[in-house]
Amino acid sequence: GFFQSYAVEVDIKDASNATCLYADWMMRFLITYESNNGDYKTTTLNLSSSVTHNGSVCGNDTQAALVAVQFGEGHSWSINMTKNNETYQGDFITLTYNTNDTAVFPDAKRKGPVTVLVKDPLQPVQLNTVFVCHNSYFIEAENVTQIFWNVTVQAFVQNGTVSKKESRCPADTPTSAPTVPPTIANVTTVSTTTFSPAPTTAPKPVENPDTGNYSLKSGNKTCFLATVGLQLNVSQDKPLLININPKTTIADGACGNTTATLKLNDGNSTLIGF
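Just so it is clear, the structure is predicted and the values come from calculations on it, not from any experiment.

Points about the side chain of D107
So, step 1. With respect to the element layout, D107 can be found in the loop between β7 (87-98) and β8 (113-119).
So, step 2. Here K41 takes part through its side chain, which lies 2.5 Å from a polar atom of the side chain of D107.
So, step 3. When neighbours within four sequence positions are excluded, D107 is seen to be in contact with Y33, E34, S35, N36 and K41.

What about the nonpolar core?
For soluble globular proteins, nonpolar side chains are generally found buried alongside one another.
So, step 1. Ranked by size, the top nonpolar core spans 44 residues in total, and within it W25, W77, Y97 and F131 carry the most contacts.
So, step 2. Tallying contributions element by element places strand β2 (residues 19-34) first for this core, with eight residues.
So, step 3. The contacts of F131, once residues within four sequence positions are left out, are Y88, L122, V125, Y137, V151, T152, V153, S167 and C169.
So, step 4. Counting residues in hydrophobic clusters, the runner-up holds 10 residues, among them Y214, L230, L262 and I272.

What to know about the packing of aromatic side chains
So, step 1. Across all of its chains, the model carries seven aromatic pairs by this definition.
So, step 2. Considering the side-chain rings of W25 and W77, the 5.5 Å spacing of their centres and the 40 degrees angle between planes classify their relative orientation as tilted. Linking W25 in strand β2 with W77 in strand β6 (residues 75-83), this pair joins segments that are 52 residues apart in sequence. Each member of the pair, W25 as well as W77, is classed as buried.
So, step 3. With 5.5 Å between their ring centres and 25 degrees between their planes, Y97 and F105 make a pair best called stacked. Just as Y97 is buried, F105 falls in that class too.
So, step 4. Taken together, W25, W77, Y137 and F148 form an aromatic cluster joined through their ring pairs.
So, step 5. One Lys or Arg, K119, reaches over the ring of F92 and ends 4.9 Å from the middle of that ring.

Section: the state of the cysteines
A covalent bond between the sulfur atoms of two cysteines is referred to as a disulfide.
So, step 1. As enumerated under the stated definition, the model contains three disulfides in all.
So, step 2. Bridging C133 to C169, the disulfide has an S-S length of 2.0 Å. Sign of the S-S torsion, about 70 degrees for the bond between C133 and C169, identifies this disulfide as right-handed. Within this pair, whereas C133 is found in strand β10 (residues 130-133), its partner C169 is found in the loop between β13 (166-168) and β14 (211-218), the two being separated by 36 residues in sequence. Accessibility assignment for this pair places C133 and C169 in one class, buried.
So, step 3. The disulfide partner of C223 is C255, and the gap between their sulfur atoms is 1.8 Å. Between C223 and C255 the disulfide shows an S-S torsion of about 70 degrees. By sign, it is right-handed. Residue C223 is located in strand β15 (residues 221-229), and its partner C255 is located in strand β18 (residues 250-255); the two are separated by 32 residues in the primary sequence.
So, step 4. Judged by relative accessible area, which is 33%, C223 ranks as partly exposed.

Description of the confidence of the model for the protein
So, step 1. Of all residues in the protein, 82% attain a pLDDT of 70 or more, and the chain-wide mean is 82.
So, step 2. The model gives residues 182-203 a pLDDT under 50, and that stretch makes 33 contacts with residues more than four places away or in other chains.

Side note on the sheet that holds strand β20 (residues 271-273)
So, step 1. The three strands lie next to each other as β18-β19-β20, forming an open sheet whose pairing is antiparallel. In this open sheet, the two strands that pair with only one neighbour each are β18 and β20. Averaged over all adjacent pairs, the angle separating strand axes in this sheet is 15 degrees, with direction ignored.
So, step 2. Here strand β19 (residues 260-265) runs beside β20; their pairing, made up of three bridges, is antiparallel. Across the sheet, the residue bridging to K263 is G273, located in β20.

Quick notes on the pattern of salt bridges
So, step 1. According to the stated counting rule, one finds seven salt bridges in the structure shown.
So, step 2. With a shortest N-O distance of 3.6 Å, D11 and K13 are connected by a salt bridge.
So, step 3. Assessed through its relative accessible area of 33%, D11 is described here as partly exposed.
So, step 4. Here E166 and R168 are joined by a salt bridge, their closest N and O atoms 3.2 Å apart.

What about the environment of Y88?
So, step 1. Along the polypeptide, Y88 turns up in strand β7.
So, step 2. For Y88, a relative accessible area of 3% translates into the label buried.
So, step 3. Between the alpha carbons of Y88 and N128 there is a distance of 9.4 Å; along the sequence they are 40 residues apart.
So, step 4. Among the polar contacts listed, one links the side chain of Y88 to the backbone oxygen of T129, at a separation of 2.7 Å.

Conventions adopted
Residues numbered from 1 in each chain as written. Predicted model: local features only at pLDDT ≥ 70, side-chain atom pairs only at ≥ 80, totals over all residues. Heavy atoms only, no water. Helix = DSSP H or I, 4+ residues; strand = E, 2+ residues; numbered from the N terminus. Polar contact = N/O pair within 3.5 Å; in protein donor to acceptor, adjacent residues only side chain to side chain. Contact = heavy atoms within 4.5 Å. Core = buried A, V, L, I, M, F, W, Y, C linked by side-chain atoms within 4.5 Å. Buried < 20%, exposed > 50% of the residue type's maximum accessible area, 1.4 Å probe, protein only. Phe/Tyr/Trp six-rings, centres within 6.5 Å; stacked < 30°, edge-to-face > 60°. Lys NZ or Arg CZ within 6 Å of the ring centre and 35° of its normal. Disulfide = S-S within 2.5 Å. pLDDT = per-residue confidence, 0-100. Pairing = 2+ DSSP bridges. Axes fitted to C-alpha atoms, helices over the stretch in contact; angles between N-to-C directions. Salt bridge = Lys/Arg side-chain N within 4 Å of Asp/Glu carboxyl O.

Okay, structure coming up:
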């Protein structure tokens, strides 16, 4: 099913009350954690309806800009951005999640805040240009998958006005529409248009999926091995069959004493968890 998620809007003002940093985006986190009995479970951490942005700063030629948000039961997320004479870009993304939040981590073995630091992989953006990305993109590190979509951000805003000039992410096209919020297993929605009835023709058969070999290691030993061909059958206005291509699919996850978790990411916004 789909989980409720909220958009975040941060509009930071400078000393003259002019906008110097603007960000509006949606995000969600898939987190694998160890339970009290030694199993590894994957949970979804969503933004709550109440989000604060304490600590966010404009930045300047010598100080990085910072977008910092706090939400839920002790969770926080931030990104700092630096600039040079022509561009600005994200530097590091910091996520701190609190396993004392029993609604999200009901049986976590480790209690308290856990911090994950990851380098922002996106390319630099020209100054006086707003970065826009409607389609979802993923950042994975330390058993956490960070998912972002419907992103609009501009750091080091000039003259207090967010630019109308856009820099789009590679996942977007000029006709892109916002994607459906992703879940552990999510497939991009395909739009359909109704035409006048045409002569009935036999549907083109869908080929069987290629077989992939997916494995996880614990130290130098293989703890999870799957040899499988995967095909998704999505119910929409008409059936949609999607084959998972093992050549472009990345396997990740973790092994516990009694449970192993395998996560497959095909690079096209499809995440499958076993």
